[in-house]
Structures are given as structure tokens and as C-alpha cells.
Amino acid sequence: MLTVDFDRLGIGPGNTVIDVGCGAGRHSFEAYRRGAQVVAFDQNAAELADVDTMFRGMADAGEVPSSAHAATVVGDARALPYPDQTFDCVIASEILEHIPADDAVIAELIRVLKVGGKLAVTVPRWLPERVCWLLSDEYHANEGGHIRIYRADQLRSKITGRGMTFTHTHHSHALHAPFWWLKCAVGVEKPDHPAVAAYHKLLVWDMMRRPLLTRLAESTLNPLIGKSVALYFEKPVPAVELV
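What you see is a predicted model; the values in this text were computed from it and never measured.

## Comments concerning the overall build of the protein
Turning to step 1, where the next piece is worked out: Looking only at helices and strands, one finds nine helices and seven strands in the protein.
Turning to step 2, where the next piece is worked out: By the compact-globule yardstick of 18 Å for 243 residues, the protein fits well, its C-alpha radius of gyration being 18 Å.
Turning to step 3, where the next piece is worked out: With the C-alpha coordinates of the protein rotated into their principal frame, the extents come out at 65 × 45 × 35 Å.
Turning to step 4, where the next piece is worked out: Out of the 243 residues in the protein, the part that is buried amounts to 45%.
Turning to step 5, where the next piece is worked out: Looking at the protein alone, contacts between residues at least 24 apart form 77% of all its contacts between residues at least 6 apart.
Turning to step 6, where the next piece is worked out: Entry remark: accessible area of the protein is about 12,200 Å², with carbon and sulfur atoms responsible for 57%.
Turning to step 7, where the next piece is worked out: The average position of the 24 basic charges and that of the 29 acidic charges among the side chains of the protein differ by 5 Å.

What follows is the structure in C-alpha cells.
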């Protein structure tokens, strides 16, 4: 389930990509499948071990171009271990809402991005997230949980204020918003609740089959209740001062 629009990012063979806070690796896998040189970066070593296993499985199955390369790196997003302007594309999907020092992370995302490169950032959208917080403290008040709710214009200003050029935004995963509202209403630690289990089964079926009806429904509902908001930026060429 991708939140980022890879066609908009233009990721392909030869591109260098870092997926910061990659989690289970969904965006890293797509970048690798498209032939990029990928770094899956996260602080969770156990999760990265699973990502690395998947990378090797994809290569063994011939699912990636022979020129593609993928690596996993454990580290802190507040201090990325790379020189300035290392990557053609930087992805940070659903991580900033977890991090107290979000400004420090944003600065690092921009620092390692090449001039002319593209940055994609996604966070939970304000309205669906606000409903979750109102329904359940358990949803966010836990170790590693969400510590803030962004408004899209607030996050956009944080990033453009550091010299980036905003290019596009969209919303994603409208069908997932009611699922999380339901989970919050019955208790987030009750995955076996009949209603939650039934909705989860529907979402899995939708992701596997991608029927036209649900694709149309989600695209219609995304502007209204899309669970995530994605923001896209480019790093401009510095202005040359005339003497």
C-alpha cells in the first residue's frame, strides 16, 4: 500500500533514493523494483532485518533490474550519516508525527537531497487524525506513538521555509480512515473485534484485488477523508549573485 506517488517522483534506474523511517519497507521495495539505488533507513534493526530479507528475495526472484541496488541502514533521522547532496530523491512517509525534534529531521532530509532533487513527505491528515485522538487516547498516547497532528499548510511552511519549492499535494487511503475510527471506538488493542476483523478483511481484499469499484470510491473520498496527506517538493538551484 503506497502513500507516495512514484510516477510523480520519476524514480527509475540510476536514481539514488533514501527512504527515511522506512518501517516495513513498502516504499523502499517500490523504488528497488523500479531500478533505483535504494537505502532503507530506520532506527528499528529488527524491522530492517525483515526488509533486507525481502530485498534479497526480490533480487533472487528476478523482480528488480540487475543494475538496481538496495541496502538497509540503522540510524537516527536527526543525524543522517551521509554528505550533503547525496540523494536524487528523499522519502519520509508517516514518520514526522512520531518525532519531537521534527525540525531537525526536516533539516536533514533537505541537507542530503541533491540540488534539483525531489522530496516526498507524508503525515496523517488533520481531520481523520483528530477524530482518532478524540475517540481514543490509547491510539496515540504510547511509546513511539503520534505526538502531534499536522495541518498540511503548517508542514508545507516548515519545509518551504528552508528553501524548498512546493510542487504538489494529494490525499491517500480514504478507505482506511473509517477503519481506524472503528478501531479507536472499540479499542485499538482489540483486533479480533468482529467489526474490526471484518473491515480489515475487506481492506486486505481491496489491496490484493484492487477492484475498479473501490478504486473509484477511494479516489472520490480521498479529498474528503483521505487518511494521509502527501506533500512534494524540489530543491532549487541556488541563485547566483551578480557582481
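## Some thoughts on the packing of helix α4 (residues 102–111) against helix α6 (residues 152–160)
Turning to step 1, where the next piece is worked out: With their axes 10 Å apart at the nearest point, α4 and α6 run at an angle of 55 degrees to one another. Judged by the angle between their axes, α4 and α6 are oblique. Every pair of crossing elements has a handedness; the one defined by α4 and α6 is right-handed. Together, Asp102, Asp103, Ile106 and Ile110 of α4 and Leu155, Lys158 and Ile159 of α6 make up the contact between the two elements.
Turning to step 2, where the next piece is worked out: Tallied by class, residues from the contact of α4 with α6 come to four nonpolar, no polar and three charged.

Rules and cut-offs
Position labels on residues start from 1 in each chain and follow its written sequence. Residues qualify for local features only when their pLDDT is at least 70, as the model is predicted, and side-chain atom pairs are given and counted only at 80 or more; totals for whole chains, interfaces and linings, by contrast, use all residues. To obtain the side-chain values, all non-hydrogen atoms of the structure were used and water was disregarded. A helix here means a DSSP run of H or I that spans at least four residues, while a strand means a run of E at least two residues long, and both kinds are numbered starting from the N terminus. In this treatment the radius of gyration is a C-alpha quantity, and the globule benchmark scales as 2.2 Å times the residue count to the 0.38 power. Working definition: with a 1.4 Å probe on protein chains only, accessible area under 20% of the residue-type maximum means buried, over 50% means exposed, and in between means partly exposed. Any two residues having at least one pair of non-hydrogen atoms within 4.5 Å are treated as being in contact. Surface accessibility follows the Shrake-Rupley procedure with a 1.4 Å probe radius. Residue values consider only the protein chains on display as shielding. Under the convention used here, Asp and Glu are negative, Lys and Arg are positive, and both His and the chain ends fall outside the count. Charge positions are represented by NZ for Lys, CZ for Arg, CG for Asp and CD for Glu. An axis is simply a line fitted to the C-alpha atoms; with a helix, the fit covers only the stretch in contact. Between two such axes, the angle follows the N-to-C directions and lies from 0 to 180 degrees. Under this scheme an angle from 65 to 115 degrees is roughly perpendicular, one under 35 degrees roughly parallel, and one over 145 degrees roughly antiparallel; angles in between are oblique. By definition, any crossing whose near helix is turned counterclockwise from its far helix by less than a right angle is left-handed, and any crossing with a clockwise turn is right-handed. For this classification, the nonpolar set comprises Ala, Val, Leu, Ile, Met, Phe, Trp, Tyr, Cys and Pro, the charged set comprises Asp, Glu, Lys and Arg, and every other residue, Gly included, is treated as polar.

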